[in-house]
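# A closer look at the structure
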Amino acid sequence: MKEEDLRKKLQKDGETIEIPESLKPDRIQNRLEQSARKKQRTWVKVIAGAAALMLVVGSGFLLSQTKGKDSDSYGELYQTLQELTSQQNSLIDNRIMDKAEVGVPESAARTFSEDESAKESFSDTNIQVEGVDEGDIVKTDGEYLYVLDRDYVSVSIVKAKAGKMKTCSVIPLDSQLTAQELYVEGDRLSVTGTRQAEKGGVETIVRTYDMKDRQKPEHMGTVAQSGELHTSRMEGGYLYIFSNYYPDLPESRNKTDQYVPLVNGETIKMPEIIVPENPQTPQYLVMTAIDLTKPDRASDRKSVLSSGDTFYVSQKHIYAASDRSQDGKDTEIRKFSYKDGKIQYQTTGKVKGYFNDSFSMDEYKGNLRLVTTLNGASGSTYNNVYVLDENMKVTGSILKLAKDERIYSARFLQDRGYFVTYRQTDPLFSVDLSDPANPKILGALKIPGFSEYLHFYGKDRLLGIGQAADENAVTSGVKLSMFDISDPSQVKEESTVIIKDTFDAEVLSNHRAVMIDPEKNIFGFAASGRKGAGYYIYRYENGFKQVFKEPVGNNCYDIRGLYIGDVFYLVQMNQIRSYQLPDFRKIDLLNI
């Protein structure tokens, strides 16, 4: 039977099957040039078993809920991994498979006022989507500072009151853990990272602590899942963890714990593993949800026989993109819904090209808007704009933009999108996305240099942080640009400044490294150059005004700034300094 006929038959048959409730659908030039990271997608394949319930979902993808013995149900999965491993080994002498990056709207420096009578307003991690928290090395709840020391593998809890600081406790972590980030939710503190697994390979670890008594935090539970931590999010009291697992295929298919992803030592069952019909690599994307009130177990788990390269998480959906295909042209994007610790596969879409980072995607009114860079067969590059509907079908697109350039940054706001491409000059494109079937380029402002991070700064302004560069693409320092976007068809560079003696800044590759609050008209980050590194804070008043600069050694990485009320805290891994706002008079210094 032809594939299309089979699809139609399965769709028709699927309508008569009663679906269980649990199955219903509901990251030099300037750094290294990002290599093409894509993967082809077709239909999601059914894992065959003696008896299987097949569910036809909206876009024609199939999921299976296998009934029977686990040792039997993993048979075809083992065979598929064998074939993929063989294919990969045959290519190993010709190409090196790059690993996925370890991760990376408007009010991202969030201001809280949970109890105005008890807590002052404060800033926290610069995030992409309001309400969807992201892990970082420093957190605050308005009363305490929580600092992850990756070198000494510990977390310091520091009482911060009116700029005066005192260490309450230090949580020692597993010395074998490569700690990456932390989260704070009320009296819960969670640390994520990667360590060597007992049976070989690596595993992602989430350790959660009860901090009702900040002097004596207690370990509540640990969740371990196969693979290297890629990124994570927190929403509604649940942590969502995404890892990439590369199994070492055993000789026997019966050793399932060596080639099937594990969560707390247990293999993920077949109904929770999705296998594309034409998988491209012998690896898994592993996803878990963790209820922070019960942090010793996963409330849900899903896995896909595929890479997870770029993630975008909206308030309702997880979009996992596999953009490392062998031909370097196609990206498949899998859409999952999530709520209250439950993850449900929805559908999959495909576009041409690869993503710069998570900011290349944005969900609005049910549609997914995105921008990609395509490596053409001729050696040229092109850039594309796509709009996909809720079923991940392309409704509109703009193709072949800015030949021989690639996307360096992007930002979306309601019906508008802005993105930067670069080769010798920096075109800032503005896009009208009000009609999902007919996106339109409104303007393209060409200026020297390029912005690697964009942030809306008030109603009609867009802040760009990037690199100054001449016509030969030779960079000359970290550059700030403020764009007037009041007329999207006539975007103007209103003001610009090049920070003297700088050439690098973590914010250029990690948006969480910037403290930014447009309402308070303040933003700051660390940058480094030939004279060392410093932390810089700016306001914008008819141009950029530097209001603070403080030396921070030679390295501009793993340094954070934040405020609690009228006090600014400058946090490094070995010390914290506090300053009175607005004059930045030094208050205190605490070695940690």
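Preceding this paragraph is the structure being described.
This text gives an overview of the structure that appears in the document.

Calculation notes
Residues numbered from 1 in each chain as written. Predicted model: local features only at pLDDT ≥ 70, side-chain atom pairs only at ≥ 80, totals over all residues. Heavy atoms only, no water. Helix = DSSP H or I, 4+ residues; strand = E, 2+ residues; numbered from the N terminus. Buried < 20%, exposed > 50% of the residue type's maximum accessible area, 1.4 Å probe, protein only. Areas by Shrake-Rupley, 256 points an atom, 1.4 Å probe, with all protein chains shown as cover. Pairing = 2+ DSSP bridges. Axes fitted to C-alpha atoms, helices over the stretch in contact; angles between N-to-C directions. Polar contact = N/O pair within 3.5 Å; in protein donor to acceptor, adjacent residues only side chain to side chain. Phe/Tyr/Trp six-rings, centres within 6.5 Å; stacked < 30°, edge-to-face > 60°. Lys NZ or Arg CZ within 6 Å of the ring centre and 35° of its normal. Contact = heavy atoms within 4.5 Å.

This part takes up the overall build of the protein chain. Broken down by element type, the protein chain carries three helices and 43 strands. Burial statistics for the protein chain: of 592 residues in total, 59% are counted as buried. Entry remark: accessible area of the protein chain is about 24,800 Å², with carbon and sulfur atoms responsible for 45%.

Before going further, it helps to examine the sheet that holds strand S5 (residues 144-149). Spatially, the four strands line up as an open sheet ordered S4-S5-S6-S7, and their pairing is antiparallel. A strand with exactly one partner marks an edge of an open sheet, and here the two such strands are strand S4 (138-140) and strand S7 (164-172). Going across the sheet, the axis of each strand differs from the next one's by a mean of 20°, ignoring polarity. Two elements, S5 and strand S6 (residues 154-161), share six bridges in a ladder whose sense is antiparallel. Each residue of the ladder has a partner; that of Leu-145, found in S6, is Val-158.

Now for the side chain of Gln-128. Locating Gln-128 in the fold gives a position in the loop between helix H3 (75-91) and S4. Polar side-chain contacts of Gln-128 include one of 2.8 Å to the side chain of Ser-358.

For the rest of this paragraph, the subject is the packing of aromatic side chains. Scanning all chains against the criterion turns up 24 aromatic pairs. Seen in terms of ring centroids, Phe-359 and Tyr-453 are 5.9 Å apart; in terms of plane orientation they differ by 80°. Their pairing is edge-to-face. Residue Phe-359 is located in the loop between strand S22 (342-352) and strand S23 (361-364), and its partner Tyr-453 is located in strand S31 (residues 450-456); the two are separated by 94 residues in the primary sequence. Each member of the pair Phe-359 and Tyr-453 is classed as buried. Their ring planes at 80° and their centres at 5.9 Å tell us that Tyr-457 and Phe-523 sit as a pair that is edge-to-face. Highlighted residues: Tyr-457 in the loop between S31 and strand S32 (461-469) and Phe-523 in strand S37 (residues 522-529), separated in sequence by 66 residues. Per residue, the accessibility class of Tyr-457 equals that of Phe-523, and both read buried. The ring centre of Tyr-144 lies 5.0 Å from the NZ or CZ of Arg-214, which sits over that ring. Across the ring face of Tyr-408, the terminal group of Arg-406 is positioned such that the distance to the ring centre comes to 4.0 Å.

Right, let's talk about the sheet that holds strand S42 (residues 575-580) for a bit. One open sheet accounts for four strands, arranged S40-S41-S42-S43; its pairing is antiparallel. Of all strands in the sheet, those with a lone pairing partner are strand S40 (560-564) and strand S43 (585-591), marking the two edges. Recorded for the sheet is a direction-independent mean angle of 20° between the axes of neighbouring strands. As paired elements, strand S41 (residues 567-571) and S42 share five bridges and run antiparallel to each other. Note on S42: the bridge partner recorded for Val-571 is Ile-576.

Moving on to the side chain of Ser-360. Relative to the elements of secondary structure, Ser-360 occurs in the loop between S22 and S23. The exposure class assigned to Ser-360 is buried, which follows from its relative accessible area of 0%. Within the structure, Ser-360 has its side chain in polar contact with the backbone nitrogen of Asn-356 (distance 3.5 Å). Residues contacting Ser-360, with those up to four places away along its chain left out, are Phe-355, Arg-369, Leu-370, Val-371, Ala-410 and Phe-412.

A few words now on unusual backbone geometry. Of note, the bond from Leu-581 into Pro-582 is cis; its omega dihedral lies within 30 degrees of zero at 5°. Position of Pro-582 relative to the elements: it lies in the loop between S42 and S43. Unusually for a residue other than glycine, Asp-340 sits at a positive phi of about 50°. Although it is not a glycine, Lys-365 sits at a positive phi angle of roughly 50°. Tracing the sequence through the fold places Lys-365 in the loop between S23 and strand S24 (367-375). Residue Lys-365 is classed as exposed on the basis of its relative accessible area of 68%.

Among the secondary structure elements, Ala-402 is positioned in the loop between strand S26 (394-401) and strand S27 (406-413). Ala-402 sits in the buried class, given a relative accessible area of 19%. Distance in space between the C-alpha atoms of Ala-402 and Thr-421 is 7.2 Å, their sequence separation being 19 residues. Excluding residues within four positions of it along the chain, Ala-402 makes contact with Thr-381, Asn-383, Thr-421 and Phe-429.

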